[in-house]
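# Chains, contacts and geometry: an overview
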Amino acid sequence: ETGVTQTPRHLVMGMTNKKSLKCEQHLGHNAMYWYKQSAKKPLELMFVYNFKEQTENNSVPSRFSPECPNSSHLFLHLHTLQPEDSALYLCASSSGLAGVDTQYFGPGTRLTVL
Amino acid sequence: KNEVEQSPQNLTAQEGEFITINCSYSVGISALHWLQQHPGGGIVSLFMLSSGKKKHGRLIATINIQEKHSSLHITASHPRDSAVYICAVNPTGNQFYFGTGTSLTVIP
């Protein structure tokens, strides 16, 4: 059973809506990640938080806004998305120790933007 | 060009066959990961390795750091092995590069 949970599992939203994705890990990890997975493309790393500090932001559009209130919770706030943002959004966590990190993934949120 | 290349992209095998999936990468790494993604999206980490070989049940992963190459082998394949297998490399810290995955279908 995964120690990383994501809600909701499926989300359909219009381009003018505001919604949030939630990720929670129960593994005592210090690093959390948001990934985007589009069809036929490699996983794209969006954001990384290590000890609640954002350490990576891979040129993600500002319509995606991450929030990490503590090391167990990670949010992705969405507003004015585009249809091309439809994808599977995966959360992962790891211990945060450089070079020895196995990532544990959540089940993902399947997002459809109409 | 992607930092991680996998082959083949798609693979169909008969139950019981020995399967090999290859991964080549172009950056220096501290570790390489093999991930398994089932239909519906859930991803499971199979192996993390930085040298040599690891075995877990019917799965074997090898890495050659000098050649920047890794292989994932499945012995006595079974339909429940059907999934997408993803190679990922960890150059440093929280940085990861992912391959596009190999879609494996094992037919009974």
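The structure we're discussing is the one just above.
About the thresholds
Residues numbered from 1 in each chain as written. Chains lettered and ligands numbered in written order. Predicted model: local features only at pLDDT ≥ 70, side-chain atom pairs only at ≥ 80, totals over all residues. Heavy atoms only, no water. Contact = heavy atoms within 4.5 Å. Buried area = accessible area lost by both parts, 1.4 Å probe. Salt bridge = Lys/Arg side-chain N within 4 Å of Asp/Glu carboxyl O. Polar contact = N/O pair within 3.5 Å; in protein donor to acceptor, adjacent residues only side chain to side chain. Helix = DSSP H or I, 4+ residues; strand = E, 2+ residues; numbered from the N terminus. Pairing = 2+ DSSP bridges. Axes fitted to C-alpha atoms, helices over the stretch in contact; angles between N-to-C directions.

Facing 23 residues of chain A, the contacting portion of chain B comprises 20 residues. Summed over both sides, the interface between chain A and chain B buries roughly 1,600 Å², with carbon and sulfur atoms accounting for 56% of that surface. Joining chain A to chain B, the criterion identifies 0 salt bridges. Counting across the interface, chain A meets chain B through 1 residue pair in polar contact (both at pLDDT 80 or more). The set of elements that each furnish at least two residues to the side of chain A that touches chain B consists of β4 (31–37), β5 (44–50) and β9 (87–94) of chain A. Sort the elements by how many residues they give to the side of chain A that touches chain B and β4(A) lands first, with 4 residues.

Our focus in this paragraph is the sheet that holds strand β3 (residues 18–25) of chain A. Residues and elements named next belong to chain A. Reading across from one edge, β1-β3-β8-β7 is the order of the 4 strands in this open sheet, with antiparallel pairing throughout. Two strands close off the open sheet at either side, each with one partner strand: β1 (4–7) and β7 (64–70). Put simply, the sheet's adjacent strands are angled 20° from each other on average, direction ignored.

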